[in-house]
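Structural features, examined
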Amino acid sequence: MDFDKRTEETVNKILKSYEDTKEINEIDIANQPDKKAIIEIIHKLLKILYPGYYSDRIYRQYSLKNNMAATIEDVIFNLNKQIFNVCKYGNVFVELSEDELKEKVADITFAFVDKIPEIREVLEMDIDAFYEGDPAAYSKADILLSYPGLLAISIYRMAHELYLLGVPMMPRIMTEYGHSETGIDIHPGATIDKYFFIDHGTGIVIGETTSIGKHVKIYQGVTLGGLSTKGGQAMKGSKRHPTIGNNVTIYSGASILGGKTIIEDDVVIGGNAFVTESVSKGSRVVFEN
């Protein structure tokens, strides 16, 4: 058989596989979420959060508000469009008519954008935690411009608000983009309080039902995960990941697993420790080989 004939047969074989009802054959392009557009929204949101650091031009003080106003309006328009697509595509509000869905999505969009000043306040506290906790940080600008941990937290804090508002899919797309950029995997459903500091960060995993208190410091390679996923979808909605109290430090390579595992305040978890039971206040957990 000649090469051209084999090519034609191979192409036809693959095209035929598109004809069944497999999920991977969904080709509703008009209503699908647009990952590229969502990533562009992330970059614009970062400009809004940190106008002095992520903007692509230098603003004079008198023009800053006008230029940022245009960026905010752009985000509102495009965010509303993408939220509509994920809600429609995911059938989250299947009982609503299209007009009702549009109104619901508009409410969600503005509820999120109204949260931005509060998100900025919390991120300022996170930056303080980075600066106070890391002697290698020479300035807060150093942290803002170069620390992957802060980028991951910034994206997480935005995605978390959308998660709380019931937006499907988009929060996970956002944090997975942060994961791809930083090596830090934070599920948008995790609850993380103020003054959170990730040092180095590569390989950190924080699961969906994790709860983290104030003034927590986590090093690279830490896993805050579940004990098992054997239950699959039956485990959905259950508390599968640990609870971390206030003023806790978790050193590199440690794994803290399970929804019943509670790390109380003022605990230090040593490097490479494997923790599946609760730890009382003020304790030190050390890995022994």
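The structure this text deals with has already been given above.
Since we're looking at a predicted model, the values are computed, not measured.

Calculation criteria
Residues numbered from 1 in each chain as written. Predicted model: local features only at pLDDT ≥ 70, side-chain atom pairs only at ≥ 80, totals over all residues. Heavy atoms only, no water. Helix = DSSP H or I, 4+ residues; strand = E, 2+ residues; numbered from the N terminus. Buried < 20%, exposed > 50% of the residue type's maximum accessible area, 1.4 Å probe, protein only. Contact = heavy atoms within 4.5 Å. Areas by Shrake-Rupley, 256 points an atom, 1.4 Å probe, with all protein chains shown as cover. Patch = residues over 30% accessible without salt bridge, like charges linked within 9 Å, V, L, I, M, F, W, Y side chains within 5 Å. Salt bridge = Lys/Arg side-chain N within 4 Å of Asp/Glu carboxyl O. Axes fitted to C-alpha atoms, helices over the stretch in contact; angles between N-to-C directions. Nonpolar A, V, L, I, M, F, W, Y, C, P; charged D, E, K, R; others polar. Pairing = 2+ DSSP bridges. Lys, Arg positive; Asp, Glu negative; His and termini not counted. Phe/Tyr/Trp six-rings, centres within 6.5 Å; stacked < 30°, edge-to-face > 60°. Charge placed at Lys NZ, Arg CZ, Asp CG, Glu CD. Parallel < 35°, antiparallel > 145°, perpendicular 65-115°, else oblique.

1. A closer look at the overall build of the protein chain
When you go through the protein chain residue by residue, the secondary structure sums to eight helices and 14 strands. Per-residue burial for the protein chain yields a buried fraction of 42% across its 289 residues. Look at the contacts in the protein chain between residues 6 or more apart in sequence, and 46% of them connect residues 24 or more apart. Here the protein chain has roughly 16,200 Å² of accessible surface; of this, 52% comes from carbon and sulfur atoms.

2. A closer look at a nonpolar patch on the surface
A cluster of nonpolar side chains, Val-11, Ile-14, Leu-15 and Tyr-18, forms an exposed patch at the surface whose accessible area comes to about 370 Å². Under the relative-accessibility criterion, Tyr-18 is labelled partly exposed at 45%.

3. A few points about the packing of helix H4 (residues 98–114) against helix H5 (residues 116–133)
In contact at an axis separation of 5 Å, H4 and H5 are set at 35° when each is read in the N-to-C sense. Packed against H4, whose contacting residues are Phe-112, Val-113 and Asp-114, the element H5 presents Ile-116, Pro-117 and Ile-119 at the interface. Grouping the constituent residues of the contact of H4 with H5 by class yields five nonpolar, no polar and one charged.

4. Thoughts on the sheet that holds strand E3 (residues 197–199)
Pairing in this open sheet of five strands is parallel, and the strands run E3-E6-E9-E12-E14 from one edge to the other. The open sheet has two edge strands, E3 and strand E14 (284–285), and neither has a second partner. In this sheet, strand E6 (residues 217–219) lies alongside E3 in parallel orientation, the contact comprising three bridges. The partner of Asp-199 across the bridge, within E6, is Tyr-219.

5. Things to note about the side chain of Asp-199
The residue Asp-199 is located in strand E3 in this model. For the buried residue Asp-199, which engages in no salt bridge, the nearest side chain bearing the opposite charge is Lys-217, 4.2 Å off.

6. Looking at the packing of aromatic side chains
Under the criterion given, the structure shown has three aromatic pairs. Considering the side-chain rings of Phe-130 and Tyr-147, the 6.1 Å spacing of their centres and the 65° angle between planes classify their relative orientation as edge-to-face. One end of the pair, Phe-130, is in helix H5; the other, Tyr-147, is in the loop between helix H6 (140–146) and helix H7 (148–164), with 17 residues separating them in the sequence. The exposure class of Phe-130 is buried, given its relative accessible area of 0%. Look at Tyr-147 and you get buried, because its relative accessible area is 16%. Pairing Tyr-219 with Tyr-251 gives two aromatic rings, centres 4.8 Å apart and planes at 25°, and the pair type is stacked. Of this pair, Tyr-219 sits in strand E6 while Tyr-251 sits in the loop between strand E9 (249–250) and strand E10 (255–257); the two residues are 32 residues apart in sequence, bridging distant segments of the chain. Owing to a relative accessible area of 35%, Tyr-251 belongs among the partly exposed residues under this scheme. Ring pairing ties together the aromatic residues Phe-130, Tyr-147 and Phe-197, which thus form one cluster.

7. Concerning the pattern of salt bridges
As enumerated under the stated definition, the model contains nine salt bridges in all. We note a salt bridge from Arg-157 to Asp-126, for which the minimum N-O separation is 2.7 Å. A residue pair is termed long-range when its members are at least 10 positions apart, and Arg-157 in helix H7 and Asp-126 in helix H5 qualify at 31 residues. Of the two residues, Arg-157 and Asp-126, neither departs from the other in class, the shared state being buried. Here Lys-214 makes a salt bridge to Asp-193, at a shortest N to O gap of 3.2 Å.

8. A closer look at unusual backbone geometry
A negative phi holds for most residues other than glycine; trans holds for most peptide bonds. In this structure, His-200 is a non-glycine residue whose phi angle is positive, near 70°. In this fold, His-200 is placed in the loop between E3 and strand E4 (205–206). Take His-200: its relative accessible area is 53%, and that puts it in the exposed class. Even without being a glycine, Asp-266 presents a positive backbone phi close to 65°. Mapped onto the fold, Asp-266 is located in the loop between strand E11 (262–263) and strand E12 (268–269). The exposure class of Asp-266 is partly exposed, given its relative accessible area of 31%.

9. A few points about a negative patch on the surface
Together, Glu-95, Asp-99, Glu-100, Glu-103 and Asp-107 line one region of the surface with negative charge. Its location among the elements puts Asp-107 in helix H4.

10. Comments concerning the packing of helix H2 (residues 35–49) against H5
Viewed as axis vectors pointing N to C, H2 and H5 meet at an angle of 70°, and their least axial separation amounts to 10 Å. In terms of their interaxial angle, H2 and H5 are classed as roughly perpendicular. Across the interface between the two elements, Leu-45, Ile-48 and Leu-49 from H2 touch Ile-116, Ile-119, Arg-120 and Leu-123 from H5. Split into classes, the residues belonging to the contact of H2 with H5 amount to six nonpolar, no polar and one charged.

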